[in-house]
Amino acid sequence: MNKNQSNKAALRKNEGVSSQESTNKDGISNLKRKRQEQPSVEELLKGILKSNTAALSRGITLIESQNLSHKSKANALIQNCLEHTKPSVRIGITGVPGVGKSTYIEALGTYLTNLGNKVAVLAVDPSSSLSKGSILGDKTRMDVLVRNPNAFIRPSAAGESLGGVARHTREAITLCEAAGYDVILIETVGVGQSETSVHSMVDFFLLLKLAGAGDELQGIKRGIIEMADAIIINKADGNNKNAAKLAMLEFKRALHLYPAKASNWIPKVIMCSALKQIGIEESWTLIKDYLDLAKSELYFTKKRQEQNMFWLIQSIENQLKDQFFKDSVINKEMESQIELINNNKRSPFAAAEYLLNLQKTQS
Ligand SMILES: Nc1nc2c(ncn2[C@@H]2O[C@H](COP(=O)(O)OP(=O)(O)O)[C@@H](O)[C@H]2O)c(=O)[nH]1
Ligand SMILES: [Mg+2]
């Protein structure tokens, strides 16, 4: 290297002088060890009950862990947290990607923390592994809330099936409630059955819509409207305001055609601009009206009990299915049964009965 070149180089090495370590090896290995160390259930519980967000995050990670050896620890944590859950309101928020769910959650969440609430945001997004978390889990659009000490935001774990996401979200609710979060907001997109799952874990279900060109009611799954306790026409700002008003009227008319809800609640339609934070207070008033009605008629508790029942049955079904399909004898026998079915030697129903009986005699 000639003199000119060595002056240009950003890093110059002086002959005979050993360069200093730029990192502290001991420090790094200590840090790595600490990260790998799994806190005990007691430590996690203690942290969660103190509303420590790091403990809450680690607790949820434990629940989401696919590692079988973590299962009993996760179950113990959930069990302990159940005994410490505080009263809360669980709100599900759905709508097509881009309708403004994250923006709305950011606005509502900020409004609620200003009122003194602690707000947890969970996401049910089984597609996040495919879309690399671009639909949900985009913490960036909640950049105000994410820095709020009274808010906790947790996207879904990527790469999980809807069943897995739904189960873990429901268990994460328990942890958040034990940590003292009194409003739980659950964001979901219209992918597969995710709305149905979320609907069966929340007290109030909110559908966000956009105003269209007169075709508001087209292309919406009827089931979702039926589940909604409120429809909010979002982006009612700027040039879109009139169209939003028309959409609101149309939805109000359409909702009359749906059967009355068991709660006696009549679903409401309002407009809002999540971006401009208009209509946020109105939407919270509406949710509170619902809660007043549901609590006065004891429907609130009844609905939660029905949901517990739903999840019990759901879990039994899933575990039975798991046991059945993971059984190596069944798997082997299944192939010969399929052959019999395809050769018209046996009906699928008879084959199913045979396989189920085979499992029963095994256990
Ligand atoms: N004009 C307007 N834009 C909005 C409003 N709410 C959200 N947006 C925009 O719509 C886009 C999608 O919003 P986002 O909250 O990520 O939607 P999500 O996919 O449903 O979570 C973003 O560019 C937002 O800034 C609103 O009330 N008015
Ligand atoms: Mg979003």
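Residues numbered from 1 in each chain as written. Chains lettered and ligands numbered in written order. Predicted model: local features only at pLDDT ≥ 70, side-chain atom pairs only at ≥ 80, totals over all residues.

Turning our attention to the overall build of the chain. Tallying secondary structure elements over the chain gives 14 helices and seven strands in all. For the chain, with 363 residues in total, the buried portion stands at 33%. (Helix = DSSP H or I, 4+ residues; strand = E, 2+ residues; numbered from the N terminus. Buried ≥ 20, exposed ≤ 12 C-beta atoms within 10 Å, placed from the backbone.)

This brings us to the confidence of the model for the chain. Averaged over all residues, the pLDDT of the chain equals 85, while 84% of them reach at least 70. Per-residue pLDDT stays below 50 along residues 1-6; that stretch engages in two contacts with residues further than four places along the chain or on separate chains. Segment residues 129-137: pLDDT under 50, and 23 contacts once partners within four positions in sequence are set aside and those in other chains are kept. (pLDDT = per-residue confidence, 0-100. Contact = placed C-beta atoms within 7 Å.)

Our next topic: the sheet that holds strand β5 (residues 204-210). With respect to topology, seven strands assemble into an open sheet ordered β3-β2-β4-β1-β5-β6-β7, the strand pairing being parallel. Because the sheet does not close on itself, it has two edges, and the strands there are β3 (151-154) and β7 (268-271). Each strand axis lies, on average, 20 degrees off the axis of its neighbour in the sheet, ignoring direction. Pairing between strand β1 (residues 89-94) and β5: four bridges, direction parallel. Bridge pairing in β5 places Ile 91 opposite Phe 204. Packed on one face of the sheet, helix α10 (residues 241-255) meets β5, β6 (230-234) and β7 and runs near 180 degrees to β7. (Pairing = 2+ DSSP bridges. Axes fitted to C-alpha atoms, helices over the stretch in contact; angles between N-to-C directions.)

The local shell around ligand 1 holds 15 residues, among which Gly 100, Lys 101, Ser 102, Thr 103 and Leu 275 are the closest. With three residues, the single largest contributor to the shell around ligand 1 is helix α6 (residues 101-114). Residue composition of the shell around ligand 1, grouped by class: four nonpolar, seven polar and four charged. (Near = placed C-beta within 6 Å. Nonpolar A, V, L, I, M, F, W, Y, C, P; charged D, E, K, R; others polar.)

Once that is clear, we can look at helix α13 (residues 328-342). Between its first and last C-alpha atoms α13 spans 22 Å; for 15 residues at 1.5 Å apiece the expected length is 21 Å, and the two agree. By the criterion of burial, α13 is predominantly exposed, with just zero of the 15 residues buried. Trailing α13 by a residue or two, Asn 344 shows a phi angle of about 55 degrees, which is positive. (Expected span 1.5 Å × (residues − 1).)

One finds Ile 91, Cys 176, Ile 184 and Leu 206 to be the most contacted residues of the largest nonpolar core, which totals 73 residues. Looking at this core, the element that brings in the most residues is helix α7 (residues 162-178), giving seven residues. In this structure, this core is formed jointly by two domains, domain 1 (36-84) and domain 2 (85-297), each of which donates at least three residues. Setting aside residues up to four positions removed in sequence, Cys 176 forms contacts with Leu 56, Ala 120, Phe 152, Tyr 181 and Ile 184. (Core = buried A, V, L, I, M, F, W, Y, C linked by C-beta atoms within 7 Å. Domains from an automatic or database assignment.)

With that settled, the discussion passes to the packing of helix α4 (residues 53-64) against α7. α7 packs onto α4 with a crossing angle of 150 degrees between their chain directions and a minimal axis gap of 10 Å. Considering their axes alone, α4 and α7 lie roughly antiparallel with respect to each other. Of the two possible hands of crossing, α4 and α7 adopt the one that is right-handed. In contact with Leu 56, Gly 59, Ile 60, Ile 63 and Glu 64 of α4, α7 contributes His 168, Glu 171, Ala 172, Leu 175 and Cys 176. Across the contact of α4 with α7, the residue classes tally to six nonpolar, two polar and two charged. (Parallel < 35°, antiparallel > 145°, perpendicular 65-115°, else oblique. Left-handed = near helix turned anticlockwise from the far one by under 90°.)

Our focus in this paragraph is helix α11 (residues 280-296). With 17 residues, α11 extends 24 Å from end C-alpha to end C-alpha; this agrees with the ideal 24 Å at 1.5 Å per step. When α11 is considered as a whole, its buried residues turn out to be Ile 280, Ser 283, Leu 286, Ile 287, Tyr 290 and Ala 294. Looking straight down α11, one finds its buried side chains confined to an arc of 125 degrees; they lie on one side. Residues Thr 285, Lys 288, Asp 292, Lys 295 and Ser 296 are exposed on α11 and point more than 90 degrees away from its buried face. Buried positions along α11 lie against β1, α6, β5, β6, β7 and α12 (299-326). (Arc of directions from axis to C-beta.)

Bringing the environment of Leu 246 into the picture now. Tracing the backbone shows Leu 246 in helix α10. When the C-alpha atoms of Leu 246 and Ala 211 are compared, they prove to be 7.8 Å apart, with 35 residues separating the residues in sequence.

Let's shift gears to the pairing of β3. The side chains of a regular strand alternate, first on one face of the sheet and then on the other. Neither face of β3 is left uncovered, since the one carrying Ala 151 and Ile 153 and the one carrying Phe 152 and Arg 154 both have all their residues buried. Direction of pairing for strand β2 (residues 119-124) relative to β3: parallel, over a ladder of four bridges. Pairing of Leu 122 across the sheet is with Arg 154, part of β3.

Despite not being glycine, Leu 298 has its phi angle at roughly 60 degrees, a positive value. Along the polypeptide, Leu 298 turns up in the loop between α11 and α12.

Among the secondary structure elements, Met 248 is positioned in helix α10. Accessibility expressed as a C-beta count within 10 Å gives 20 for Met 248, which makes it buried. On a C-alpha basis, the gap between Met 248 and Lys 268 in space is 9.6 Å, while along the polypeptide they are 20 residues apart. Contact partners of Met 248, with chain neighbours within four places excluded, come to Ile 233, Val 269 and Met 271.

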